[in-house]
Structures are given as structure tokens and as C-alpha cells.
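Structural overview for review
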Amino acid sequence: MLLSVKNLRVSYDKIRALHGFDFHVNEGEIVCIIGANGAGKSTTLRAISQLVPVEQGSTIEFMGENLFKYTADKVVSQLGISHVPEGRRIFGNLTVMENLKLATFSRKDSDGIHRDMARVFEIFPRLDERKQQKAGTMSGGEQQMLAVGRAFMSGRRIMLLDEPSMGLAPLLMQGMFDALRQINEEGTAILLVEQNARMALKFAQRGYVLETGNLVLEGKSSDLMGNPEVKKAYLGG
Amino acid sequence: MEFFLQNVVNALQWGSFYALIALGYSMVYGVLLLFNFAHGDIFMVGAYVGFFVATGLLLLVSSLGLVSMPGWVVLVLVILVAMFITAFVGVAVERIGYRPLRQAPRASAAITGLMIGIIFETGNLALLGARRLSFPELIETTTYTIGGVTVTNKRIMIVAVSLLLMFALHQFVQRTKWGMAMRAMAYDFAVVPLMGVPLNSIAALTFGLGSALAAAAGILFGVAYPVLSPYMGIVVGWKAFVAAILGGRGSILGAALAGFLLGFIEIFVATIFPSTLRDLIAFSIILLILVFRPHGFFGEAHTSRLRL
Ligand SMILES: Nc1ncnc2c1ncn2[C@@H]1O[C@H](COP(=O)(O)OP(=O)(O)O)[C@@H](O)[C@H]1O
Ligand SMILES: [Mg+2]
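The shown structure was predicted, so the numbers you read here are calculated from the model rather than taken from an experiment.

A separate point is the sheet that holds strand β9 (residues 206–211) of chain A. All names here are of chain A. Strand order in the open sheet made by the 6 strands is β6-β7-β8-β3-β9-β10, with mixed pairing throughout. Each end of this open sheet is capped by a strand with a single partner; those strands are β6 (81–84) and β10 (214–220). Strand after strand, the sheet turns through a mean of 15° between neighbouring axes, direction not considered. The sheet contact formed by β9 and β10 spans 6 bridges and is antiparallel. Bridging across to β10, Leu210 finds its partner in Leu215. Of the strands in this sheet, β3 (30–34), β7 (158–162) and β8 (189–194) are in contact with helix α7 (residues 170–185), which crosses β8 at around 150°.

In this structure, Phe91, Leu102, Phe124, Leu127, Val148, Met159 and Leu180 of chain A are the most contacted members of the largest nonpolar core, which totals 145 residues. In terms of residue count, the dominant contributor to this core is helix α7 (residues 199–224) of chain B (13 residues). Excluding residues that lie within four positions of it along the chain, Val148 of chain A makes contacts with Val84, Phe124, Met159, Leu161, Met176, Leu180 and Ile183 of chain A. Counting residues in hydrophobic clusters, the runner-up holds 30 residues, among them Leu2, Val5, Ile33 and Ile48 of chain A.

Each side of the interface is counted separately: chain A has 25 residues, and chain B has 22 residues. Among the residues of chain A in contact with chain B, Arg89, Phe91 and Phe105 of chain A are the three that bury the most area, contributing 34% of the side total. At the boundary of chain A and chain B, one finds 2 salt bridges. With its nearest N and O atoms 2.9 Å apart, the salt bridge here joins Glu98 of chain A to Arg183 of chain B. The tally of links from chain A across to chain B stands at 5 residue pairs in polar contact (both at pLDDT 80 or more). Contributions of two or more residues to the side of chain A that touches chain B are made by α2 (72–77), α3 (96–102) and α6 (140–154) of chain A.

A few words now on the packing of aromatic side chains. This structure, assessed with the given rule, holds 23 aromatic pairs over all chains. Measuring from ring centre to ring centre gives 4.9 Å for Phe177 of chain A and Phe203 of chain A, while their planes differ by 65°; the resulting arrangement is edge-to-face. Of this pair, Phe177 of chain A sits in helix α7 while Phe203 of chain A is found in helix α8 (residues 197–203), placing the two residues 26 residues apart along the sequence. A residue is classified by how much of its surface remains accessible, and Phe177 of chain A, at 2% relative accessible area, is buried. Counting every residue linked through ring pairs, the aromatic cluster contains Trp14, Phe17, Tyr18, Phe43, Phe221 and Tyr225 of chain B. Positioned over the ring face of Phe152 of chain A is Arg156 of chain A, at 3.9 Å from the centre of the ring.

On to the site of ligand 1. Looking at ligand 1, there are 12 residues lining it, with Gly38, Gly40, Lys41, Ser42 and Thr43 of chain A nearest. Near ligand 1, residues from chains A and B are present, making the site a shared one. Gly40 of chain A is positioned such that a nitrogen or oxygen atom in its backbone is 3.0 Å from an oxygen atom of ligand 1. Residue Lys41 of chain A places a main-chain N or O atom 2.8 Å away from an oxygen atom belonging to ligand 1. For ligand 1, whose unbound accessible area comes to 560 Å², protein coverage reaches 66%.

With that settled, the discussion passes to the sheet that holds strand β2 (residues 15–25) of chain A. All names here are of chain A. Taken in spatial order, the 4 strands make up an open sheet running β2-β1-β4-β5, and their pairing is antiparallel. In this open sheet, the two strands that pair with only one neighbour each are β2 and β5 (65–66). In this structure, strand β1 (residues 3–12) lies alongside strand β4 (residues 59–62), joined through 4 bridges in antiparallel fashion. Looking at the pairing, Leu3 lines up with Phe62 of β4. Contacts from helix α1 (residues 41–48) reach β1, β2 and β4, with the element oriented near 110° to β1.

With that settled, consider the side chain of Ser82 of chain A. Residues and elements named next belong to chain A. With respect to the element layout, Ser82 can be found in strand β6. Owing to a relative accessible area of 0%, Ser82 belongs among the buried residues under this scheme. Here Ala151 takes part through its backbone oxygen, which lies 3.4 Å from a polar atom of the side chain of Ser82. Leave out the neighbours within four places in its chain, and Ser82 touches Ala151, Ser154, Gly155, Ile158, Met159 and Leu160.

Looking now at the coordination of the magnesium ion (ligand 2). Around the magnesium ion (ligand 2), the protein supplies Ser42 of chain A (OG) and Glu86 of chain A (OE) as donor atoms, at distances of 2.0 to 2.4 Å. Here Ser42 of chain A, found in helix α1, pairs with Glu86 of chain A, found in the loop between β6 and α3; they are 44 residues apart in sequence, far enough to count as distant.

Time to look at the packing of helix α4 (residues 110–123) of chain A against α6 of chain A. Residues and elements named next belong to chain A. Contact geometry for α4 and α6: axes closest at 10 Å, N-to-C directions at 155°. As summarised for this structure, α4 and α6 are arranged roughly antiparallel, according to the angle between their axes. Once α4 is placed against α6, the crossing between them reads as right-handed. For the pair α4 and α6, the contacting residues are Ile113, Asp116, Met117, Arg119, Val120 and Ile123 in the first and Gly149, Phe152 and Met153 in the second. Per-class residue counts for the contact of α4 with α6 are 6 nonpolar, 1 polar and 2 charged.

Residue and element names in this part refer to chain B. Pairing geometry for strand β2 (residues 143–146) and strand β3 (residues 149–152), over 4 bridges, is antiparallel. If you follow Tyr144 over to β3, its bridge partner there is Val151. Counting the residues in the hairpin turn of β2 and β3 gives 2 residues, including Gly147, whose phi is positive at 55°.

On to the side chain of Gln13 of chain B. Assignment of secondary structure puts Gln13 of chain B in helix α1 (residues 2–32). With residues up to four places along the chain from it excluded, the contact list for Gln13 of chain B reads Arg155, Ile158, Val159, Ala224 and Tyr225 of chain B.

All names here are of chain A. As for its position among the elements, Leu161 is in strand β7. The exposure class assigned to Leu161 is buried, which follows from its relative accessible area of 0%. Separated by 13 residues in sequence, Leu161 and Val148 place their C-alpha atoms 8.3 Å apart. Those residues in contact with Leu161 that sit more than four places away from it in its chain are Leu45, Val84, Val148, Leu180, Ile190, Leu191, Leu192 and Val193.

This part is about the packing of helix α2 (residues 39–63) of chain B against helix α3 (residues 71–98) of chain B. Residue and element names in this part refer to chain B. Interhelical geometry of α2 versus α3 gives an angle of 135° and a closest axis separation of 8 Å. It follows from the interaxial angle that α2 and α3 lie oblique. Here the hand of the crossing between α2 and α3 comes out right-handed. The residues of α3 that touch α2, namely those facing Ile42, Val45, Gly46, Val49, Gly50, Val53, Ala54, Leu57 and Leu58, are Val74, Leu77, Val78, Val81, Ala82, Ile85, Thr86, Val89, Gly90 and Val93. Here the residues of the contact of α2 with α3 sort into 15 nonpolar, 4 polar and no charged.

Thresholds applied
- Residues numbered from 1 in each chain as written.
- Chains lettered and ligands numbered in written order.
- Predicted model: local features only at pLDDT ≥ 70, side-chain atom pairs only at ≥ 80, totals over all residues.
- Heavy atoms only, no water.
- Pairing = 2+ DSSP bridges.
- Helix = DSSP H or I, 4+ residues; strand = E, 2+ residues; numbered from the N terminus.
- Axes fitted to C-alpha atoms, helices over the stretch in contact; angles between N-to-C directions.
- Contact = heavy atoms within 4.5 Å.
- Core = buried A, V, L, I, M, F, W, Y, C linked by side-chain atoms within 4.5 Å.
- Buried < 20%, exposed > 50% of the residue type's maximum accessible area, 1.4 Å probe, protein only.
- Buried area = accessible area lost by both parts, 1.4 Å probe.
- Salt bridge = Lys/Arg side-chain N within 4 Å of Asp/Glu carboxyl O.
- Polar contact = N/O pair within 3.5 Å; in protein donor to acceptor, adjacent residues only side chain to side chain.
- Phe/Tyr/Trp six-rings, centres within 6.5 Å; stacked < 30°, edge-to-face > 60°.
- Lys NZ or Arg CZ within 6 Å of the ring centre and 35° of its normal.
- Near = heavy atom within 4 Å.
- Areas by Shrake-Rupley, 256 points an atom, 1.4 Å probe, with all protein chains shown as cover.
- Donors = N, O, S within 2.8 Å, 3.2 Å for Na, K, Ca; no water.
- Parallel < 35°, antiparallel > 145°, perpendicular 65-115°, else oblique.
- Left-handed = near helix turned anticlockwise from the far one by under 90°.
- Nonpolar A, V, L, I, M, F, W, Y, C, P; charged D, E, K, R; others polar.

All quantities given are derived from atomic positions and should not be read as evidence of function.
Next comes the structure, spelled out in C-alpha cells:
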């Protein structure tokens, strides 16, 4: 098991956002967490990336190791857990190239960096064309490519994706998920968080359904897609 | 015309001090969204560190019989060593004073900054007493007269060293990965750890760089005005702070330009109006500029700084 989360509880100012969430991701797998706005999806990813403190009793293990021993930057640079945050959050004042380079800040393997950089430009030729452009002046779709490319450069064992489809036109969205599948096929596991349940379940092998901080359903994507409650609540009937 | 040029020379010198100090305010504010109100006192500490390094170095030179070591070599060494030492003072200020307050209300950090400044001032008094130290004369003054304008070698050196340091800082921020991380932090703090960048190191670096520049300013100031005082950083520090605001949030170019502009405004206001009104009028002009450019020269009205 690559990532194992047990009894995850997170509170913001005494209001609990996650009430003991259990889930796991296997090596090479694509797993999704679906749920409405405010369900606690982003909070889950933030907890893995060590951006929010978790409550006593929560455990997160990565490759059998206690993840809480690592600070946020070490989670990325030493464990290889990359995170594409909600709303892309690219550095608009840096160029495309600088955004990608920054993501290798703590990497020492210059050969590997070169190879990965070349791969990013293969997967997203658009970024190659725009290398020297200020990232803030790119379109939403291009910024999403950059956000994923940046994550690809920073860590490769697992990629945490927070609503990558948000604000993308259907065609761009399809392109994005095709790219993500390629990245996955090259060995990176994916934990995808989405409000767009149809897209997420089509993409992932397994899924978890989160409702106001509680796990309500889990299973294979095909089973979840056939589940009447999921259909009613998340797939529009 | 000669009168004008003479004042230009003065303004460039004062502008150099303001610009070097303003850069520290501006970088720290840009990267950490924090006004380091102890920064003026770090300028003072830098001047004193420079004093002790210079005194020690002169002793060493004479005891080793290296009488032939030229004064400017000593000066360069003093500047570099004092910048290095003062950088660690800045790092300590961040680590001890500000880091525990990252999540605290901004007012707490402001009060802490003022407190740290007072500690530096009174600590200096307690350690060294009330006697005024005199910065050693490292280079002899040579005066040149060009077309009726007198310029000393010291003034030329002060302006040249300041410009060189600003250029070096600019290169560092634009070309190195640490500079890139600083720029990224200024844009969107919360996402930087996700790039595998240790925030605390970048915060420390920012303080270190700003403090090193303030130390350089302190030594250059000591070269021009050799009498050091524990309170020498207060007024100069406030003025540099205003220059940093005028330059725009976190803008290096802005802080440098605004520092020089402040030097010019001050000097030229003093040539027209009675010198008692100098600060009043100079600051009124700056306020007026800020009315029309509320974010300063290069400040941005908006940056995304949401929590992740
Ligand atoms: N920074 C925060 N401060 C306070 N409450 C928050 C914060 N972030 C999220 N929350 C709350 O936590 C709950 C879960 O939010 P989130 O994880 O962002 O949900 P999702 O990503 O599923 O939309 C919501 O009730 C939200 O209002
Ligand atoms: Mg969310």
C-alpha cells in the first residue's frame, strides 16, 4: 500500500471538517474522492501535504512510514508527494520555465530534472511554446497544464489533484485527463478530488464518497457509478 | 548650475543610504507580508559591527606589520565581513522574534519589531555606555573639483558601492533559485512548500539579505559621518521605510528608485525652504505621490494570498 490514511480528523477553529476519514491508495493506482462543495475534499489533501494540523489519533502512512515526521516541503522533496492545489495557484509573476524550475528546488539529480522537464514539454507542448511567458498571462487551461507540470517536476510517487477540471471547457478537460493518464501509466499514483463526479469516476479505478466530513460510500468506480444513491446525488439522476 | 550639481551629489549620497535600507524593508514586506520595524536598528547594529570589524582589522594589520595594506582593501573587507555578521543578526531576529508570530495578528509582529529595536538601542547603551564611538578613517579624503563642483572620493565610493550592491541583489533575485523562491513567496506564500521549498529557509534568507544591505549602509554612513550613536537608525530607518512604501510592495527596483528620490526631495527642499521645514515638506510631497499612486511606483493592487 502506498498511502494509508486512518481516522483522519481535521478542525478549523474548533469546527471539524473531517470526522475520521479512512482511505488508501495502492501503488500505481488512480483513486478519486468525490463530494459536494464543503465536503472536506481539499482538507484531506491539505492534511496529506502537511499544510493543516491534524487531530490526535489521525494516522497517515506513506510507504509504511509515518508521514507526520515530515514537514510540508519534505513531504514533497523526500517522499515524492506532489499536490496540484485547487484553483491552480501558479506563480503568475514567474515565467513558465521558472515555475517548473522552482518545483525542483530541493532536487539534486540534474539528469533526472532534465529528463522530467523534457517529458513535461512532450506531454504539454503548449508549455514548451510558452516557456518564457509570464505564467499569469496564460489562459486558464494553460495554467492548469502548468500546475500539473509543476507537480510532475516536484514529486513523482503520487500526485494529489484538487479539482483539475474546474473551469475547463469539455475539450480541454478531456485533454487534461488524457495527460494525467499518461503520467499515471508512467508510474505515478493519482489521488483525485472532484466535484465533477462523472469525470472522476470515469477516470479512477476506485472512489470514495465524502459527505460533510464523513465517508459514506466506497468502492470500485464502476460499482459507484451504478449505485442509485450516487446516481441521484452526484450524477444528476 | 554648479549649485544644482553640488546638490545632486549630496542627494545621491543620501539616496544611497535610504535605498540600501529601504531594500530590506521592502524584501521582508514582499516576501513575508511583515513590516520589520527593527530594521532601522539593524542599520545601526551594522554600523557598530563595521566599527568593531574595522578596529579589529586595523589592529591586526598593524600588529602583523602589514602597513602597506591599502585603506580601500581594509574597507572592502570591513564591508563584507560586517555584512556577513549582520546577516546573522537579521536571521536571529526572524527566528526568535517573528517566526513564532507567523500566525499571530499583524499588530503583534509590529509591536515585537519595535521592541526588538528598543532592545538593540538599550543593549548598545548598556554594553558600550553613552560615549559616542568614532568610525575609523579607513580611506583618506581626496577632493576633486570638476567645473566648480566638489566631489570627494568617499562620496563616489558610497554611491558606487551602493549601486553595485543593488545590482548584485537584483541579479541574485532574478537569477538564482533562492531568488526565484523569494519572488514566488511574495506572490503566493501558501503554495511555496508544495514546491518542496522550505519556507523557513527562504524567510531567514530574506532577513539575512536585508540586514546585510543595512549593514553596508551603516558602514558607508560611518565613512561619511563618522560619529556613531545607538539612536542613529531611528530617523534614517523611518525615512527608508517611507521609501520602501513609495517604491511599492516588495519591489526592489521601486525601493531603490524611491530611496534615491527621497534623497533628492530632501536635499532640494532644503535648498529652497528653511531646513527646519525640510522633513515636513519632503514628507508632504511623498504623501501627495501616494495619493495618486496608492500602491507606490511598482506595487500591485492585488496578489493572490489566500490560504490553500
Ligand atoms: N481555512 C479554513 N478555515 C476555516 N474553515 C475552513 C477552511 N478551509 C475549509 N474550511 C471548512 O472546512 C470544510 C471543508 O472544506 P474543504 O475541505 O475546502 O471542502 P471541499 O474541498 O470538499 O469543498 C468546509 O465547511 C469549509 O468551510
Ligand atoms: Mg475544495
